[in-house]
2 protein chains.
Amino acid sequence: MLPVMSLRKPAPATATPGDRPGTRDRILDASAELFGRQGFTGTGIKSILAASEAPFGSLYHFFPGGKDELGAASIRRSGIGYRQLVEAFFVPGEGGVVDVVGATTAFFTGAAEMIASTDYADACPIATIALEIASVSEPMREAAAEAFESWLTVLQSAFATAGVGQVRSRELAVELFCAIEGAFLLSRTLRSPDPIRIAGLAAASSVADALRSS
Amino acid sequence: MLPVMSLRKPAPATATPGDRPGTRDRILDASAELFGRQGFTGTGIKSILAASEAPFGSLYHFFPGGKDELGAASIRRSGIGYRQLVEAFFVPGEGGVVDVVGATTAFFTGAAEMIASTDYADACPIATIALEIASVSEPMREAAAEAFESWLTVLQSAFATAGVGQVRSRELAVELFCAIEGAFLLSRTLRSPDPIRIAGLAAASSVADALRSS
DNA sequence: ATACTGCTAGAGCGATCTATCCAATCGCAG
DNA sequence: CTGCGATTGGATAGATCGCTCTAGCAGTAT
């Protein structure tokens, strides 16, 4: 049985229970959403503050390094959120076993539903900003690299646990990452969920093949 | 025999022979390079003009619609250039036949060499800007969608010509697109050519499978 | 009450951005 | 040559950018 959940980010862990999240969290949430939709340079500080209903002074109180520090923090936070999401699909609960082929299919299906339900606006919260700053800001690039690596690690160990060899597990993880990220790009640009469906079928098939020959 | 060429864009067709390209072409070339590296909003008009050694007035002479028109034109131009590149690998010359598996491998190998040789700066000239503007500018989004579709069409007919069914050919084209674009993202972020190598092996294997069962 | 700390609130600065406008210059046809 | 449209060069407007600064607020400890 696979986890029933959407691909939406879970509520931040540091939010006061029963209350609205703290200012810092609201800023980070708004940043992740806007950066993912319009990119880093395409999103002004003021729009972030407006979206998060935060006062101007608070931003530089929590992020003295300014927009760059906010960008890196936003990337790290999104990286953790998405890693937990991948874990929800690919890491078993107490003593359970995960059907990695089914998990792959479920993950892509959930992704297709989410992107369509947000009118093709919200896909990967890091990809947009990563491409923008990979050759421009080394600290942000490193934050994105660590986020991506953490996702790959989760996938790799899931495949290894399922019986696939270490090297092939890493390759499978990279293949799955490329499939979903490429599909996000194509899906958002064409405004169609088809690429995600197609990429999901191919990814599941690759995983099944690797399992069979292990 | 596969075409021996780099993944670099060919010289513009409208360039005066033996002379340096016209102002409009120089602006478009510089735009494609800078947009691909730093994104659309991250690239200022002045940097484009400086890089293309073009005067300020010329930009608004050739692109009265301003930066948005320039962005759309840049996307269209890059789309044509990359389509011709894909054709060089996947479309046979006079009465020849293309080994689509070999073409796939060669394409990814060439991409890995190019991205590493540009210090992980130049990969897909459209992906960065496409993610940025997909939810912001409809004209530019459509330009990117047309460019991507034209690449998919070339790939699809190559597979169909090689004997793969129409539906499966389209799926294969989308898979290959997702693999290379996702690999570009991961490669630029991690500063490693490995993702492209891994994605290339997987893509070639998918193509081989499809050929076998056709 | 007083003092201290963490956070809020916004005015406003210098820099930078896109875009407009116009005069100077070029290339070529008559 | 003369005339004329196409192109160039840049000054500058108007808006927006990221960011700094200071003043004030709430809550807690003393």
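Shown above is the structure to which this text applies.
Residues numbered from 1 in each chain as written. Chains lettered and ligands numbered in written order. Predicted model: local features only at pLDDT ≥ 70, side-chain atom pairs only at ≥ 80, totals over all residues. Heavy atoms only, no water.

## Describing unusual backbone geometry
Residues and elements named next belong to chain A.
Reasoning step 1: Of note, the phi angle at Arg-191 is positive, near 55°, even though the residue is not glycine.
Reasoning step 2: As for its position among the elements, Arg-191 is in the loop between helix H8 (166-190) and helix H9 (194-212).
Reasoning step 3: Relative accessible area serves as the criterion here: at 30%, Arg-191 is assigned to the partly exposed category. (Helix = DSSP H or I, 4+ residues; strand = E, 2+ residues; numbered from the N terminus. Buried < 20%, exposed > 50% of the residue type's maximum accessible area, 1.4 Å probe, protein only.)

## What about the protein's contact with DNA strand C?
Reasoning step 1: The environment of DNA strand C is formed by 15 residues, the closest being Thr23(A), Ser58(A), His61(A), Ile45(B) and Lys67(B).
Reasoning step 2: Near the protein, within 4 Å, the atoms of DNA strand C are sugar or phosphate in 61% of cases.
Reasoning step 3: One nitrogen or oxygen atom from the side chain of Ser58(A) is found 2.5 Å from a phosphate oxygen belonging to DNA strand C.
Reasoning step 4: Those elements that place two or more of their residues in the surface near DNA strand C are helix H3 (56-62) of chain A together with helix H2 (45-52) and helix H3 (56-62) of chain B.
Reasoning step 5: At five residues, the largest contribution of residues to the surface near DNA strand C is made by H3(A).
Reasoning step 6: Of the residues contributing to the surface near DNA strand C, the split by class is six nonpolar, seven polar and two charged. (Near = heavy atom within 4 Å. Polar contact = N/O pair within 3.5 Å; in protein donor to acceptor, adjacent residues only side chain to side chain. Nonpolar A, V, L, I, M, F, W, Y, C, P; charged D, E, K, R; others polar.)

## What to know about the packing of H8(A) against H9(A)
Residues and elements named next belong to chain A.
Reasoning step 1: Viewed as axis vectors pointing N to C, H8 and H9 meet at an angle of 170°, and their least axial separation amounts to 8 Å. Our classification of the angle between H8 and H9 gives roughly antiparallel. Listed contacts from H9 to Arg-168, Leu-172, Glu-175, Leu-176, Ala-179, Ile-180, Ala-183, Phe-184, Leu-186 and Ser-187 of H8 are Pro-195, Ile-196, Ala-199, Ala-203, Ser-206, Val-207 and Ala-210.
Reasoning step 2: Counted by class, the contact of H8 with H9 contains 13 nonpolar, two polar and two charged residues. (Axes fitted to C-alpha atoms, helices over the stretch in contact; angles between N-to-C directions. Parallel < 35°, antiparallel > 145°, perpendicular 65-115°, else oblique. Contact = heavy atoms within 4.5 Å.)

## Considering empty space enclosed by the protein
Reasoning step 1: Counted according to the given criterion, the structure contains seven cavities of 30 Å³ or more.
Reasoning step 2: Lining of the largest cavity is provided by 20 residues; of these, Ala179(A), Ala202(A), Glu175(B), Ala179(B) and Ala202(B) occupy positions nearest its centre.
Reasoning step 3: Breaking the lining of the largest cavity down by element, the ones donating at least two residues are H8 and H9 of chain A together with helix H8 (166-190) and helix H9 (194-212) of chain B.
Reasoning step 4: Of the residues belonging to the lining of the largest cavity, the class tally is 16 nonpolar, two polar and two charged. (1 Å grid on protein atoms, 1.4 Å probe; cavity = no way out; pocket = protein on both sides within 12 Å on 5 of 7 lines; lining within 4 Å. Points joined across faces, edges and corners; volume = space filled by probe spheres on them.)

## A word on the packing of aromatic side chains
Reasoning step 1: Taken as a whole and judged by the stated rule, the model has 20 aromatic pairs over all chains.
Reasoning step 2: Considering the side-chain rings of Phe90(B) and Phe107(B), the 6.4 Å spacing of their centres and the 55° angle between planes classify their relative orientation as tilted. Of this pair, Phe90(B) sits in helix H4 (residues 67-90) while Phe107(B) sits in helix H5 (residues 100-117); the two residues are 17 residues apart in sequence, bridging distant segments of the chain. With respect to burial, Phe90(B) and Phe107(B) carry one shared label: buried.
Reasoning step 3: Ring geometry for Phe107(B) versus Phe108(B): centroids 6.4 Å apart, planes at 75°, classification edge-to-face.
Reasoning step 4: Exposure remark for Phe108(B): the relative accessible area of 3% places this residue in the buried category.
Reasoning step 5: In textbook terms, an aromatic cluster arises when at least three aromatic residues are bridged by ring pairs, as seen for Phe89(A), Phe90(A), Phe107(A), Phe108(A) and Phe159(A).
Reasoning step 6: Note that Lys67(A) overlies the ring of Phe40(A), its terminal NZ or CZ placed 4.5 Å from the centroid. (Phe/Tyr/Trp six-rings, centres within 6.5 Å; stacked < 30°, edge-to-face > 60°. Lys NZ or Arg CZ within 6 Å of the ring centre and 35° of its normal.)

## Digging into the interface of chain B and chain A
It is common to give the size of an interface as the accessible area that goes away when the parts come together.
Reasoning step 1: Listed per partner, the contact involves 43 residues of chain B and 43 residues of chain A.
Reasoning step 2: A buried area of about 3,500 Å², summed over both sides, lies between chain B and chain A, and 72% of it is on carbon and sulfur atoms.
Reasoning step 3: The three residues of chain B that bury the most area against chain A are Leu131(B), Leu185(B) and Thr189(B), which together make up 20% of that side's buried surface.
Reasoning step 4: Across the contact surface, chain B and chain A share zero salt bridges.
Reasoning step 5: Where chain B meets chain A, there are nine residue pairs in polar contact (both at pLDDT 80 or more). (Buried area = accessible area lost by both parts, 1.4 Å probe. Salt bridge = Lys/Arg side-chain N within 4 Å of Asp/Glu carboxyl O.)

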